[in-house]
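Fold and geometry: a report
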Amino acid sequence: MEESQNFGHQHPLVLLNEDQQMMSNQSGVADCWRCGEKVSAPSFSCLECGFYLHKQCAEAPSEINHRFHPDHPLLLLPESPYDCICDFCDGEGKKVVYHCSCGLDFHIKCALFTYNIAEKNLKELQHVALEYPLISTENNAGELENLTKCFVCQEPLAIYTYFSPDCGFNLHKKCVDLPLEINETGLKHPLALQFNSKRLSCEVCQETRRRKFVYCCPPCNSVVHIECVPPPIVEVKCRQHAFTQLRRRAPFICDACGLQGNYLAYICCSCNIIVHEKCISLPRVIKSKWHDHCIFHTYFLREEDFKSWDCLICHYEVNVSHGSYYCSYCNFICHVKCVMKIKGSYFIVSLENEDEKSSDSLALLQEKSLDPITVIERNDAGEATKVKHFQHIHELMLKDKITEYDKCCDGCRLPISGSFYYCSRCDFFLHKACAELPKMKHVWYHPCQIPLILNSYKFLECLICGYLSNGFGYRCDECVRDICFRCVIALSPGALTCQGHDHPLFYYKGYRGQCSACSNNVRGALRCKDCNFVLCHICFSLPTTARHKCDKHVLALTYHEGNNYSECHYCDICEEGRDPNHWFYHCATCDTCAHIDCVLGRYPYIKLGQPMIYKKGNHRHPLAFVKKMYYYPECVKCGEPCQDLALECAESECNYLVHWECII
């Protein structure tokens, strides 16, 4: 035990080794007064008041001339003047910090650790053990995730890393040995390893990072990330291309992705293309959540190959003289940046450097087993007129027009319109579009990785719109949530048509604004490119016709208030006012006008009666959904009249009737 100076403390301090520290601190838990971390030997201690200092923290100089920040000295402040964030580790600085007048702040240990690296004081790092990336399997998942990143380059730890149990730094050995200056870069001046104190963006990747190290060129006021520093001139062979590195001082447009590149490029002289380094390895074939088929990367497309050049994700034009992803089977095309933006939204089918054995797009389409219908007969035009759907026991026939207004699709639960399939033996109908939806499907807005499975439900609650339904939907077996057919169709990429608007609509997931039909604020909406018309996906999927006991006729969804509809705008059901700019239901014969919610009620997508049977509760017979419109029997549970959705016994001799709310 050795006495020393008190380092600003009012009592004498003694230097303790590990055994002495354990004897002095019987509780086993003590924090260093300067850095705030758990104290470890060697350390200074006050035997009178339990004051502790790491030896390294105690002996820290009051001023550091740091090679990684040569403009100004770093001054040791006894306490942080404000709630600062360390410019090296990104942690909060509440204790003693090193501060620079230009706004940089560092934990005392971060400043000293980086100073030792800058000065090549490897003797000061001898206490840092060389370990494998995963320090201990006893760490929880969050700690392991942090431990697998290098503090300098932020890349995953490779084979070995320097690790300090005192400060928790993870460091590649190669990052400790980084050259302090690089001359052979093709730039005007050498690059020096420094902190990015001016928050400059990288000359190569154009990204801005506040923390960690960068290579700086002070005369040019520019920086390059460590991982973006170009290697020596190399050649990269990839499938039919042999790329050679080219260092440019002028920007270029990458032929693989269509985006601007800076400084470092790779060229294939045989094909006359120039690309980013990262675009050399773009996967040749991927399966994206945005599309049902596999899509292919190409460097250019012929104009006659596609009807539209608009990206099916962002809806802006794709420049086909540069790279894109496309599906030749159904004219799907998108920007490389759009389809690759979210890593979990696509799956690699074939890498760029793999052979061409599966290059035929038809060979990479969905398996035939995913087709929901089996074609029995076709007409002369090749259209399937008689099919068997895997969710119905009978054969279905194709028809173009329906004579009954009250029929709805058993898939989406919307009124039948356009081409549809029907069953001649029972009350079953499917829109042609609903019948052709695949058995398994990825959707871009669902976070789970596995495909959704098509099911016909006796009951589901849609994850997207929140409505209850007993129609068809897609289920995720990972999160056990359902998405109804209406939302699957409304959120599909590409142009959609709506009877309430003359132009095609496209879904913009980043849109923020108001719906033109209901005036609700929306996050993501269907928009028209030609005008300011906007629809939320709820209004897009509204039934075009509906029935209500207030009128004996079918009510039609009406999109604008005509001059002769109503001089005083009110709802004939609730007798309250209506906004003339909102959509509403109207009977042209009786001049009945009503709010959409008043007509549809709380359960607009529940099919009533047979054959959809719902077995629930302790009743011994199956129950069917019903809605009593003109007389209201009492509920067997609560005794109140059943005026809304109810469950009725399917057995004709049984009078069991219960509110839906009373049984869920």
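Just so it is clear, the structure is predicted and the values come from calculations on it, not from any experiment.

1. Notes on the overall build of the chain
Looking only at helices and strands, one finds eleven helices and 51 strands in the chain. Here the chain holds 664 residues, and the buried ones make up 47% of them. Here the chain has roughly 34800 Å² of accessible surface; of this, 49% comes from carbon and sulfur atoms.

2. Observations concerning the pairing of strand 6 (residues 74-77)
Alternating residues of strand 6 divide into Leu 74 and Leu 76, all buried, and Leu 75 and Leu 77, none buried. Where strand 5 (residues 63-64) and strand 6 come together, two bridges link them in antiparallel fashion. Residue pairing across strands places Ile 64 opposite Leu 74, the latter belonging to strand 6. Alignment of strand 6 against strand 9 (residues 97-99), held across three bridges, turns out to be antiparallel.

3. Some thoughts on the layout of surface pockets
Roughly 1100 Å³ of volume is contained in the second largest pocket. If you list the elements that add at least two residues to the lining of the second largest pocket, you get strand 44 (545-548) and helix 10 (596-600). By residue number, the principal contributor to the lining of the second largest pocket is strand 44, which donates four residues. In terms of residue class, the lining of the second largest pocket is made up of 17 nonpolar, four polar and eleven charged.

4. Brief notes about the environment of Cys 462
Mapped onto the elements of the fold, Cys 462 is located in the loop between strand 36 (460-461) and strand 37 (468-469). Since its relative accessible area comes to 3%, Cys 462 is described here as buried. Measuring from C-alpha to C-alpha, the distance between Cys 462 and Arg 475 comes to 9.6 Å, with 13 residues separating the pair along the chain. The contacts of Cys 462, once residues within four sequence positions are left out, are Tyr 467, Asp 482, Ile 483, Cys 484 and Cys 487.

5. Re the pattern of salt bridges
A full pass over the atoms with the stated rule returns twelve salt bridges. As a salt-bridge pair, Asp 292 and Lys 441 come within 2.9 Å of each other at their nearest N and O atoms. Of this pair, Asp 292 sits in the loop between strand 24 (285-288) and strand 25 (294-298) while Lys 441 sits in strand 34 (residues 440-441), placing them 149 residues apart in sequence. By relative accessible area, which is 21% here, Asp 292 ends up partly exposed.

6. Overview of the environment of Lys 607
Tracing the backbone shows Lys 607 in the loop between helix 10 and strand 48 (613-614). Since its relative accessible area comes to 9%, Lys 607 is described here as buried. As a C-alpha pair, Lys 607 and Gly 471 span 136 residues in sequence and 7.7 Å in three-dimensional space. When neighbours within four sequence positions are excluded, Lys 607 is seen to be in contact with Asp 410, Arg 413, Asp 427, Asn 470 and Phe 625. At 2.9 Å, the side chain of Lys 607 forms a polar contact with the side chain of Asp 410. At a separation of 3.0 Å, a polar atom in the side chain of Lys 607 contacts the main-chain carbonyl oxygen of Asp 427.

7. Here's the deal with the nonpolar core
Generally speaking, soluble globular proteins have nonpolar side chains that are buried together. In terms of nonpolar packing, the biggest core is built from 158 residues, with Tyr 98, Leu 535 and Trp 583 touching the most fellow members. Element by element, the count of residues in this core is highest for helix 3 (residues 108-118), at seven residues. In contact with Trp 583, other than residues within four places in its own chain, are Cys 498, Gly 500, Ala 517, Phe 533, Leu 535, Cys 539, Leu 542, Leu 557, Thr 558, Tyr 559 and Ile 596. Ranked by size, the runner-up nonpolar core spans 18 residues in total, among them Leu 468, Val 626, Tyr 656 and Leu 657.

8. Some points on unusual backbone geometry
One non-glycine residue, Val 480, adopts positive backbone phi at about 55°. Looking at the secondary structure, you find Val 480 in the loop between strand 38 (472-476) and strand 39 (481-484). Positioned with a positive phi, Glu 575 is a non-glycine residue whose angle comes to about 60°.

9. Considerations on the side chain of Gln 194
Counting through the fold element by element, Gln 194 comes out in strand 15 (residues 191-195). Setting aside residues no more than four positions away along its own chain, Gln 194 makes contact with Arg 67, Phe 68, Pro 70, Lys 212, Phe 213, Val 214, Cys 216 and Pro 218.

10. Concerning helix 3
Every α-helix carries 3.6 residues per turn, so stepping three or four residues along brings you back to the same face. The element helix 3 is extensively covered by neighbouring structure, given that ten of its eleven residues are classed as buried. All of the buried residues in helix 3 are Ile 108, Lys 109, Cys 110, Ala 111, Leu 112, Phe 113, Thr 114, Asn 116, Ile 117 and Ala 118. The first or second residue beyond helix 3 is Lys 120, which carries a positive phi of 60°.

11. Considering the packing of aromatic side chains
Enumeration over the complete set of coordinates arrives at 16 aromatic pairs. Between Phe 428 and Phe 472, the ring centres sit 6.4 Å apart and the planes meet at 40°, which makes this aromatic pair tilted. Remark: Phe 472 occurs in strand 38 and Phe 428 occurs in the loop between strand 32 (420-422) and strand 33 (429-431); sequence separation between them is 44 residues. Consider the rings of Trp 444 and Tyr 507, whose centres lie 5.6 Å apart with planes at 45°: the pair is tilted.

About the criteria used
Residues numbered from 1 in each chain as written. Predicted model: local features only at pLDDT ≥ 70, side-chain atom pairs only at ≥ 80, totals over all residues. Heavy atoms only, no water. Helix = DSSP H or I, 4+ residues; strand = E, 2+ residues; numbered from the N terminus. Buried < 20%, exposed > 50% of the residue type's maximum accessible area, 1.4 Å probe, protein only. Areas by Shrake-Rupley, 256 points an atom, 1.4 Å probe, with all protein chains shown as cover. Pairing = 2+ DSSP bridges. 1 Å grid on protein atoms, 1.4 Å probe; cavity = no way out; pocket = protein on both sides within 12 Å on 5 of 7 lines; lining within 4 Å. Points joined across faces, edges and corners; volume = space filled by probe spheres on them. Nonpolar A, V, L, I, M, F, W, Y, C, P; charged D, E, K, R; others polar. Contact = heavy atoms within 4.5 Å. Salt bridge = Lys/Arg side-chain N within 4 Å of Asp/Glu carboxyl O. Polar contact = N/O pair within 3.5 Å; in protein donor to acceptor, adjacent residues only side chain to side chain. Core = buried A, V, L, I, M, F, W, Y, C linked by side-chain atoms within 4.5 Å. Phe/Tyr/Trp six-rings, centres within 6.5 Å; stacked < 30°, edge-to-face > 60°.

Everything listed is a geometric property; what it means functionally is a separate question.
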